[in-house]
Amino acid sequence: MQLVCHKEKYPYAVFMCHSINKTDAYVVPLVGSDATKAKALVICHKDTSFWNPKHRAFQQLKVKPGTIPICHFLIRETLVWIPN
């Protein structure tokens with residue numbers, strides 16, 4: 001189980017946290033067209049069978065819930081706690 005916290009839009013630090021099960025987290029190296037390097041955090045949801053079928057990810061990928069893992073980058077100011 002992983003714990004993810006998303007920064008909320010407040011003038012001070014407020015985070016909305018939730019646990020996510022059946023996920024994998026990856027640190028992905030990125031290289032820009034100008035050779036700038038960065039690292040990004042990616043979360044892959046392995047079980048999407050309980051997600052709303054109208055979720056944007058399914059619409060964009062033209063798949064149904066539970067058929068494939070859904071992976072996405074995390075935005076800045078997102079915290080993730082991952083067990084050893």
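Our structure's up above, just so we're on the same page.
In this report, we go over the structure that sits alongside the text.

1. As for the overall build of the chain
- Along the chain, the regular secondary structure elements total 1 helix and 6 strands.
- Counting from the amino terminus, helix and strand elements in the chain follow one another as β-β-β-β-α-β-β.
- In summary, the chain has a C-alpha radius of gyration of 15 Å against a globular reference of 12 Å for 84 residues, an excess of more than 25%.
- Over its C-alpha atoms, taken along the principal directions, the chain stretches across nearly 35 × 35 × 30 Å.
- Split into buried and exposed, the 84 residues of the chain put 21% on the buried side.

2. With respect to the sheet that holds strand 6 (residues 78–81)
- One open sheet accounts for 3 strands, arranged 2-1-6; its pairing is antiparallel. At either margin of the open sheet sits one strand with a lone partner, and together these are strand 2 (15–20) and strand 6. If you compare each strand with its neighbour and ignore which way they point, the axes differ by 20° on average.
- Direction of pairing for strand 1 (residues 2–7) relative to strand 2: antiparallel, over a ladder of 6 bridges. By the bridge assignment, C5 is partnered in strand 2 with C17.

3. Observations concerning the pattern of salt bridges
- This model, assessed by the stated rule, comprises 2 salt bridges.
- For K22, the salt bridge goes to D47, with nearest N and O atoms at 3.7 Å. Of this pair, K22 sits in the loop between strand 2 and strand 3 (23–31) while D47 sits in the loop between strand 4 (37–45) and helix 1 (56–61), and the two are 25 residues apart along the sequence.
- The partner of D24 in a salt bridge is K46, with the nearest N and O atoms 3.5 Å apart. Of this pair, D24 sits in strand 3 while K46 sits in the loop between strand 4 and helix 1, placing them 22 residues apart in sequence.
- With relative accessibility at 47%, the residue K46 sits in the partly exposed group.

4. Some thoughts on the pairing of strand 3
- Alignment of strand 3 against strand 4, held across 9 bridges, turns out to be antiparallel. Bridge pairing links V28 to A40 in strand 4.
- Once strand 3 ends, the chain turns through 5 residues before running back antiparallel as strand 4, passing A35 with a positive phi of about 75°.

5. Description of the side chain of H45
- By secondary structure assignment, the location of H45 is in strand 4.
- Side-chain polar atoms of H45 contact the side chain of H72, separated by 3.0 Å.
- Other than its neighbours up to four places away in sequence, H45 contacts K22, T23, W51, P69, I70 and H72.

So, how was this worked out
- The residue numbering used here restarts from 1 in each chain and proceeds along that chain's sequence as written.
- Under the rules for a predicted model, residues below a pLDDT of 70 receive no local features and side-chain atom pairs below 80 are neither given nor counted, while totals for whole chains, interfaces and linings still include all residues.
- The side-chain quantities take in all heavy atoms of the structure and omit both hydrogens and water.
- Helix and strand assignments come from DSSP, with helices taken as H or I runs of at least 4 residues and strands as E runs of at least 2, each series counted from the N terminus.
- Radius of gyration here uses only the C-alpha atoms, and the compact-globule reference equals 2.2 Å multiplied by the residue count raised to the power 0.38.
- Here the term buried applies to any residue with accessible area under 20% of the maximum for its type, exposed to any over 50%, and partly exposed to those in between, with areas from a 1.4 Å probe on protein chains only.
- The rule for pairing is simple: two strands pair if DSSP sees at least two bridges between them.
- Note on definitions: angles span 0 to 180 degrees between N-to-C directions of axes, and those axes are lines fitted to C-alpha atoms, for helices only across the stretch in contact.
- Basic side-chain nitrogens of Lys or Arg form a salt bridge, by our definition, when they fall within 4 Å of a carboxyl oxygen of Asp or Glu.
- Each polar contact in these results corresponds to two N or O atoms within 3.5 Å; when the atoms are within protein, one needs to be able to donate a hydrogen and the other to accept it, and residues that are neighboring in sequence are counted only if both atoms are side-chain atoms.
- The contact rule is simple, with two residues in contact once any of their heavy atoms fall within 4.5 Å.

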